[in-house]
Amino acid sequence: MLFSGTEADKTDILRSDNAIQYNSSANQLTIGSGKILVGDGINGTSTITGGAQIEIVNANPKLIIRDKSTDVGQVDARLRLAESNSANGNINNYWDVGFIADSFQINDMTDVRLHITNAGNVGIGNTAAASKLDVTGTVTSTGLDVNGNATVDGTLTHNGLFT
C-alpha cells in the first residue's frame with residue numbers, strides 16, 4: 001500500500017494496481033473489483049460470501065441510509081432493488097423500499113404497493129390509510145372474523161349461511 005500524508009494519519013490510500021483507493025478530501029472509497037466487505041468477515045476471514053458485492057458482517061450489523069434533508073415531509077431514504085439490461089445498463093424494473101415522504105413505503109416503478117404511516121396505519125394500494133388496515137382493491141381471504149360492528153358500503157353478496 002502507498003499512503004500519502006504522514007505515516008501516522010494514513011488519510012489517503014492507493015494500492016499500486018489502483019484496485020483500492022481512498023481519497024480523504026473527497027471522502028470517497030473506490031474498489032476496483034466492485035466488492036466491499038465491512039466488518040471482520042466470517043470467522044475472521046476477509047472474503048465476500050454468496051456472490052454478494054457488499055457484505056456487512058458483525059455481531060449486530062446495520063446498514064443505515066440517511067437523508068439529511070431538513071424539509072419536513074420531504075425525507076427520502078430508500079434502497080432500490082433493480083433489474084437492468086446487461087447490454088446497455090438501463091434499468092428495466094425496480095422496487096424501492098424505504099422511508100419516503102415521512103412514511104415507510106414499498107414502491108414498484110409506477111405505484112406505491114405498501115404504505116405505513118407514522119401513526120401505524122397500513123395502506124395496501126393507497127397512500128392515505130384511514131384505519132389500521134386500508135386496502136384499495138379486492139381482498140381475498142379464507143376466513144374473516146369481525147369482533148364488533150361491521151359496515152358495508154355497497155353490495156354484500158354471500159354464498160351460504162350467516163350465523
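Calculation notes
Residues numbered from 1 in each chain as written. Predicted model: local features only at pLDDT ≥ 70, side-chain atom pairs only at ≥ 80, totals over all residues. Heavy atoms only, no water. Helix = DSSP H or I, 4+ residues; strand = E, 2+ residues; numbered from the N terminus. Polar contact = N/O pair within 3.5 Å; in protein donor to acceptor, adjacent residues only side chain to side chain. Buried < 20%, exposed > 50% of the residue type's maximum accessible area, 1.4 Å probe, protein only. Lys, Arg positive; Asp, Glu negative; His and termini not counted. Salt bridge = Lys/Arg side-chain N within 4 Å of Asp/Glu carboxyl O. Contact = heavy atoms within 4.5 Å. pLDDT = per-residue confidence, 0-100.

1. As for the environment of Ser 141
Tracing the backbone through its elements, the reader meets Ser 141 in the segment after strand 12 (133–135). A polar atom in the side chain of Ser 141 sits 2.3 Å from the backbone oxygen of Gly 143.

2. Examining the side chain of Asp 134
Mapped onto the fold, Asp 134 is located in strand 12. There is no salt bridge for the buried Asp 134, and the closest opposite charge comes from Lys 132, which lies 12 Å off by N-O distance. Side-chain polar atoms of Asp 134 contact the backbone nitrogen of Ala 130, separated by 3.0 Å. When sequence neighbours within four positions are dropped, the list of residues in contact with Asp 134 reads Val 122, Gly 123, Ile 124, Asn 126, Ala 128 and Ala 129.

3. Brief notes about the confidence of the model for the chain
Within the chain, residue pLDDT values average 74, and 62% of them lie at 70 or more. Element-level pLDDT for the chain is lowest in strand 1 (residues 2–4), with a mean of 48, against a maximum mean of 95 in strand 11 (residues 122–124). Under a pLDDT of 50 for its full length, residues 1–5 has, in the predicted model, 13 contacts with residues more than four places off or in other chains. Segment residues 40–46 is flagged for pLDDT under 50; beyond a separation of four residues in sequence, or across chains, it makes eight contacts in the model.

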